[in-house]
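# Remarks on the overall topology
Given next are the chains, with one letter for each unit.
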Amino acid sequence: MKTFAEFGLEPKVLQAITELGFEESTPIQDKAIPVAMSGKDMIGQAQTGTGKTAAFGIPLINKIPVTEDRIVALIMTPTRELAIQVADEIGKLTRFKGLRSLPIYGGQEIGRQIRALKKRPQIIIGTPGRLLDHINRKTIKLEDVKTVVLDEADEMLDMGFMEDIQSILKLVPEERQTLLFSATMPANIQKLAQQFLKEPEQVSVIPKQVTAPSIEQAYIEVHERQKFEALSRLLDMESPELAIIFGRTKRRVDELSEALQKRGYSADGLHGDLSQNQRDNVMRKFRDGSIDVLVATDVAARGLDVSGVTHVINFDLPQDPESYVHRIGRTGRAGKEGKAWTFVSPREIDHLHFIERITRQRMSRKPLPSIAEAIEGKQRVTAERIIEIVQNEESSEYKALSIQLLEQYDSVQLLAACMKMLTGEKKDVTIELTPEEPIRAKKRRPDIRSNGRPFNRSGGGGYRGGGGRSGGGYRGGNDNNRSGGGYRGGGRSGGSGSGSSGYGYKRSEEGRSDRRPRGSGSSGGYSNNE
Ligand SMILES: Nc1ncnc2c1ncn2[C@@H]1O[C@H](COP(=O)(O)OP(=O)(O)OP(=O)(O)O)[C@@H](O)[C@H]1O
Ligand SMILES: [Mg+2]
């Protein structure tokens, strides 16, 4: 691991990194920053939550002169939320240097974006659809772009953005640097790379398995109709700080978040059919902790970095191994620990094993949490809250009455009554979810097993072959909608337990801004929200 000072970055960029609290570079940053600074094209792959954004962001910001007043860098992301989050991180990194960056995504009023573009940002972070819209309106010109980053390139392909990306890149001068990043690199990514990258250097930090080691993975075999009960017991037993629950379809997400609310959980849903305002709100509430359960489709699977996400629950089994890897990667980020639970119906068990094979990672089989475990979990949380109040001495105004009560009643009984009140009884409402079809095991190509390389990076012969999406309803329920979504004002931030892993994630306390929603990103860059 290096300190950032060793890369030969501008002092103002270094200062911003220090401000963010990054003390050492992560392994992918170690490898990718020098390559990016050399001007070469690059394919960068590393596990979820290992700092790929800064790996491309830092060299990008370092190389743009402050005097520049044209769009010289373009970053593309598959979803709106990700565009906003990346713009926020870029904004923070350029805080002292004072470059201007702007997120451009569907769902936000275009006039507002046009006005913001008049301030001459040097860096645009956008979703392909809306970018094209601006290009067609001539409100964005790409003739001066010198660096292009495709974040989550494989997902953009999967979402059918290939043509859009082609049209966009045709307008970018050949003389440019192109960087492509993702945690997963299915073989078809080579097609994109061949077309758009020039002799790219492959930079990857993939140890044995593609999922981050900090994530504990388990599954529960459960019938479709028992899933909700299983979920509510699991939530009680585990009492996550923040949890993301993935459902297969928009309807599922709507029903599930409503059902959770009815049962008294503080949950809300996110999917591509919500208005941008709604999406904004949900993300903001989740980031600042005013809801602690986010129910989402795969629209939230990629790239989102919300600190404090301790649990990911796959209420429905994901369609493919990549989706699994990215979904569970919303936890266990920046060296923190996380837990991933996956529900699988008996008929889907083959598909689960298929995912295990491709990710080269076993999930441990767990029984359905019992009612007793659920109750115990809830009581534990109550006890922790009580102890916290005791330790912080926050209850002195209750002392006089407490003494009186203790004179009359048994102390254990009193405390038990307090705990009962605090824990709250579960609201007894019947929940009926529309059942989802089980996922059928995907047709496997014979070369997958013989080749055995998860997320083959070397082209040819790997999982998914070169052929892009397989047809026939595979990924049918996915709703990553092309126009992306909007969450204004950034607020992502992830502190890591400093030095928790000795793996390059040290982050000093000053630099942490955990779960504090930020306003307009940072002073240097401007973001779209004002
Ligand atoms: N050198 C560093 N030290 C400490 N924390 C870091 C460092 N670099 C990045 N981080 C933090 O780690 C978290 C994850 O980073 P990032 O979102 O870039 O991950 P990623 O590799 O892009 O993951 P994904 O594959 O899910 O998109 C962020 O909160 C980021 O601020
Ligand atoms: Mg990322």
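Just so we're clear, the structure is a prediction, and the values are computed from it rather than from any experiment. (Residues numbered from 1 in each chain as written. Chains lettered and ligands numbered in written order. Predicted model: local features only at pLDDT ≥ 70, side-chain atom pairs only at ≥ 80, totals over all residues. Heavy atoms only, no water.)

Attention shifts here to the sheet that holds strand E3 (residues 101-104). The seven strands lie next to each other as E3-E4-E2-E5-E6-E1-E7, forming an open sheet whose pairing is parallel. The open sheet has two edge strands with one neighbour each: E3 and strand E7 (201-205). Looking at each pair of strands side by side, their axes are set apart by 15° on average, direction ignored. For strand E2 (residues 73-76) and strand E5 (residues 147-151), the ladder comprises four bridges, and the chain directions are parallel. Of the residues in E5, the one forming a bridge with Ala-73 is Thr-147. Most of the contacts of helix H2 (residues 27-37) go to E7, to which it runs at about 165°, and overall it touches strand E1 (42-46), strand E6 (177-182) and E7. Along the sheet face, helix H4 (residues 80-93) touches E2, E3, strand E4 (123-126) and E5 and points at about 175° away from the line of E3. (Pairing = 2+ DSSP bridges. Helix = DSSP H or I, 4+ residues; strand = E, 2+ residues; numbered from the N terminus. Axes fitted to C-alpha atoms, helices over the stretch in contact; angles between N-to-C directions. Contact = heavy atoms within 4.5 Å.)

According to UniProt, the positions carrying the feature "domain: DEAD-box RNA helicase Q" (unreviewed entry) are residues 2-30. Span residues 2-30 is 48% helix and 0% strand, its end C-alpha atoms 7 Å apart. (UniProt positions renumbered as here; feature names shortened; annotations may be inferred.)

Turning to the sheet that holds strand E14 (residues 364-366), a few remarks are in order. Strands sit in the order E10-E11-E9-E12-E13-E8-E14 across an open sheet of seven strands; the sheet is parallel. At either end of the open sheet lies a strand with only one pairing partner, and these are strand E10 (267-270) and E14. The sheet shows a mean angle of 25° between the axes of neighbouring strands, taken without regard to direction. In this structure, strand E12 (residues 309-314) lies alongside strand E13 (residues 338-344), joined through four bridges in parallel fashion.

What follows covers the confidence of the model for the chain. Looking at the chain as a whole, the pLDDT averages 85, with 83% of positions reaching at least 70. Predicted confidence is poor over residues 509-530, with pLDDT under 50, and the contacts of this stretch with residues over four places away or in other chains come to 69 contacts. The complex model carries a pTM of 0.84, and its ipTM stands at 0.99. (pLDDT = per-residue confidence, 0-100.)

So, on to the packing of helix H15 (residues 371-391) against helix H17 (residues 411-423). Close contact between H15 and H17 brings their axes to 9 Å; oriented N to C, the two are set at 110°. Regarding the angle of H15 to H17, the classification is roughly perpendicular. As H15 packs across H17, the resulting crossing turns out to be right-handed. Facing Lys-378, Gln-379, Thr-382, Ala-383, Arg-385 and Ile-386 of H15, the residues of H17 in contact are Leu-415, Met-419, Leu-422 and Thr-423. Of the residues assigned to the contact of H15 with H17, the class counts are five nonpolar, three polar and two charged. (Parallel < 35°, antiparallel > 145°, perpendicular 65-115°, else oblique. Left-handed = near helix turned anticlockwise from the far one by under 90°. Nonpolar A, V, L, I, M, F, W, Y, C, P; charged D, E, K, R; others polar.)

Here we come to the UniProt feature "domain: Helicase ATP-binding" (unreviewed entry) in the chain. UniProt feature "domain: Helicase ATP-binding" (unreviewed entry): in the numbering of this structure it lies at residues 33-203. In residues 33-203, the share of helix is 42% and the share of strand is 18%. The end C-alpha atoms are 10 Å apart.

This paragraph deals with the environment of Asp-158. Mapped onto the elements, Asp-158 comes out in helix H7 (residues 153-158). Taking the C-alpha atoms as reference points, Asp-158 and Val-145, 13 residues apart in sequence, are found 25 Å from one another.

Here we come to the nonpolar core. Counting residues in hydrophobic clusters, the biggest one holds 38 residues, and the most contacted among them are Ile-17, Met-42, Ile-58, Ile-75, Ile-123 and Phe-181. Excluding its chain neighbours within four sequence positions, the residues that come into contact with Met-42 are Ala-32, Val-35, Ala-36, Thr-178, Leu-179, Leu-180, Phe-181, Leu-197, Pro-200, Glu-201 and Val-203. Among the nonpolar cores identified, the runner-up in size contains 34 residues, and Leu-74, Ile-124, Met-159 and Leu-197 belong to it. (Core = buried A, V, L, I, M, F, W, Y, C linked by side-chain atoms within 4.5 Å. Buried < 20%, exposed > 50% of the residue type's maximum accessible area, 1.4 Å probe, protein only.)

Before going further, it helps to spend a moment on the side chain of Arg-80. When you line up the elements, Arg-80 lands in helix H4. For the buried Arg-80, which has no salt bridge, the nearest side chain bearing the opposite charge is Glu-81, at an N-O separation of 6.2 Å. A polar contact of 3.0 Å, which involves the side chain of Arg-80, links it to the backbone oxygen of Gly-106. (Lys, Arg positive; Asp, Glu negative; His and termini not counted. Salt bridge = Lys/Arg side-chain N within 4 Å of Asp/Glu carboxyl O. Polar contact = N/O pair within 3.5 Å; in protein donor to acceptor, adjacent residues only side chain to side chain.)

With that settled, the discussion passes to the layout of surface pockets. If you add up the space inside the largest pocket, you get close to 840 Å³. Breaking the lining of the largest pocket down by element, the ones donating at least two residues are H15, helix H16 (399-408) and H17. A breakdown of the residues in the lining of the largest pocket according to their chemical character gives 12 nonpolar, four polar and four charged. For the lining of the second largest pocket, the secondary structure elements donating two or more residues are helix H10 (227-238), H15 and H17. Tallying contributions element by element places H15 first for the lining of the second largest pocket, with six residues. In terms of residue class, the lining of the second largest pocket is made up of seven nonpolar, six polar and 11 charged. (1 Å grid on protein atoms, 1.4 Å probe; cavity = no way out; pocket = protein on both sides within 12 Å on 5 of 7 lines; lining within 4 Å. Points joined across faces, edges and corners; volume = space filled by probe spheres on them.)

A separate point is helix H6 (residues 128-137). Taken together, the buried positions of H6 are occupied by Pro-128, Arg-130, Leu-131, Leu-132, His-134 and Ile-135. For H6, the secondary structure elements touched by its buried residues are E2, E3, helix H5 (110-117), E4, H7 and helix H8 (162-170). Following H6 by one or two positions, Lys-138 adopts a phi angle in the positive range, close to 65°.

Right, let's get into the pairing of E12. With respect to burial, E12 is a largely interior element, five of its six residues being buried. Across five bridges, strand E9 (residues 242-246) lies against E12 in parallel orientation. By the bridge assignment, Ile-244 is partnered in E12 with Val-312. The handedness of the E12 to E13 crossover, carried by helix H13 (residues 321-328), is right-handed. (Right-handed = clockwise from strand over helix to strand, strands pointing away.)

Before going further, it helps to examine the packing of aromatic side chains. This structure, assessed with the given rule, holds four aromatic pairs. The interplanar angle of 55° and the centroid separation of 5.8 Å between the aromatic rings of Phe-315 and Phe-343 together place this pair among those described as tilted. Residue Phe-315 is found in the loop between E12 and H13, and its partner Phe-343 is found in strand E13; the two are separated by 28 residues along the sequence. Residue Phe-315 is classed as buried on the basis of its relative accessible area, which comes to 0%. On the accessibility criterion, Phe-343 (0% relative accessible area) is buried. Following the ring pairs from residue to residue traces out a cluster consisting of Phe-4, Phe-7 and Phe-22. The residue whose ring lies beneath Lys-227 is Phe-315, and the NZ or CZ to ring-centre distance is 5.5 Å. (Phe/Tyr/Trp six-rings, centres within 6.5 Å; stacked < 30°, edge-to-face > 60°. Lys NZ or Arg CZ within 6 Å of the ring centre and 35° of its normal.)

As a further point, take the side chain of Glu-255. One can find Glu-255 in helix H11 (residues 250-262). Although Glu-255 is buried, it forms no salt bridge, and the closest oppositely charged side chain is Arg-251 at an N-O distance of 4.3 Å. A polar atom in the side chain of Glu-255 sits 2.5 Å from the side chain of Thr-434. Residue contacts for Glu-255: discarding those within four places in its chain leaves Glu-432, Leu-433 and Thr-434.

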